[in-house]
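An overview of the molecular structure
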Amino acid sequence: MPGLLRGVARTAVVAGTATAVSNRVSRRQAGRWAQQDAQQQAQQEYAQQPTQQGYAQQPAAAPAAPPSTDDEMTSKIDQLKELGELKAQGVLTEEEFAAQKRRVLG
């Protein structure tokens with residue numbers, strides 16, 4: 001009988017220890033994931049904030065070969081649509097939008 005009690009007690013201690021360790025690991029992982037989510041959200045918010053010039057920071061585009069007239073017109077239309085979306089989102093002011101529109105239209 002003492003051997004049986006000792007075995008049950010040992011099993012309970014092992015199971016309790018395993019549960020405690022598992023819970024601690026789960027909490028630590030949840031904390032790390034929450035921290036990563038917060039960092040990603042902060043980076044996204046920072047990327048959406050306008051800079052001092054009023055433009056969001058964007059990677060510079062590589063210069064392209066001169067487009068044909070149809071391609072040129074399509075490109076200009078696409079650029080104007082993008083500028084309109086930026087203005088609608090509040091990223092560009094009316095003056096900045098007008099300046100960029102003049103630049104695109106030449």
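A short tour of the structure in this document, coming up.

Each value, and the rule that gives it
- Residues numbered from 1 in each chain as written.
- Predicted model: local features only at pLDDT ≥ 70, side-chain atom pairs only at ≥ 80, totals over all residues.
- Heavy atoms only, no water.
- Salt bridge = Lys/Arg side-chain N within 4 Å of Asp/Glu carboxyl O.
- Helix = DSSP H or I, 4+ residues; strand = E, 2+ residues; numbered from the N terminus.
- Buried < 20%, exposed > 50% of the residue type's maximum accessible area, 1.4 Å probe, protein only.
- Patch = residues over 30% accessible without salt bridge, like charges linked within 9 Å, V, L, I, M, F, W, Y side chains within 5 Å.
- Areas by Shrake-Rupley, 256 points an atom, 1.4 Å probe, with all protein chains shown as cover.
- Lys, Arg positive; Asp, Glu negative; His and termini not counted.
- Charge placed at Lys NZ, Arg CZ, Asp CG, Glu CD.
- Expected span 1.5 Å × (residues − 1).
- Contact = heavy atoms within 4.5 Å.
- Phe/Tyr/Trp six-rings, centres within 6.5 Å; stacked < 30°, edge-to-face > 60°.
- Lys NZ or Arg CZ within 6 Å of the ring centre and 35° of its normal.
- Axes fitted to C-alpha atoms, helices over the stretch in contact; angles between N-to-C directions.
- Parallel < 35°, antiparallel > 145°, perpendicular 65-115°, else oblique.
- Nonpolar A, V, L, I, M, F, W, Y, C, P; charged D, E, K, R; others polar.

Considerations on the pattern of salt bridges
Tallying each qualifying case throughout the model produces two salt bridges. In this structure, Glu72 and Lys76 form a salt bridge, with 3.4 Å as the shortest nitrogen-oxygen distance. With Glu72 and Lys76 both in helix α2 (residues 69-89) and four residues apart, this pair spans about one turn of that helix. Put simply, Lys87 and Glu94 hold a salt bridge, and the shortest N to O gap is 3.0 Å. Given a relative accessible area of 45%, Glu94 falls into the partly exposed group.

Examining a positive patch on the surface
A contiguous patch of positive charge, built from Arg24, Arg27, Arg28 and Arg32, is present on the exposed surface. Looking at the secondary structure, you find Arg28 in helix α1 (residues 2-48).

Describing helix α3 (residues 94-105)
Along its 12 residues, α3 runs 16 Å from first to last C-alpha, staying within 8% of the 16 Å computed at 1.5 Å per residue. For α3, the secondary structure elements touched by its buried residues are α2. Just downstream of α3 lies Gly106, where phi reads positive at about 80 degrees.

What to know about the packing of aromatic side chains
Scanning the model with the defined rule gives zero aromatic pairs in all. Here the basic side chain of Lys87 rests over the ring of Phe97, its NZ or CZ set 5.1 Å away from the ring centre.

Side note on the packing of α2 against α3
Put simply, α2 and α3 touch, their axes get as near as 10 Å, and they point 175 degrees apart. The pairing of α2 with α3 is recorded here as roughly antiparallel in orientation. Taking contact as the criterion, the partners of Lys76, Gln79, Leu80, Leu83, Gly84 and Lys87 in α2 are, on α3, Glu94, Phe97, Gln100, Lys101, Val104 and Leu105. Grouping the amino acids of the contact of α2 with α3 by side-chain chemistry returns five nonpolar, three polar and four charged.

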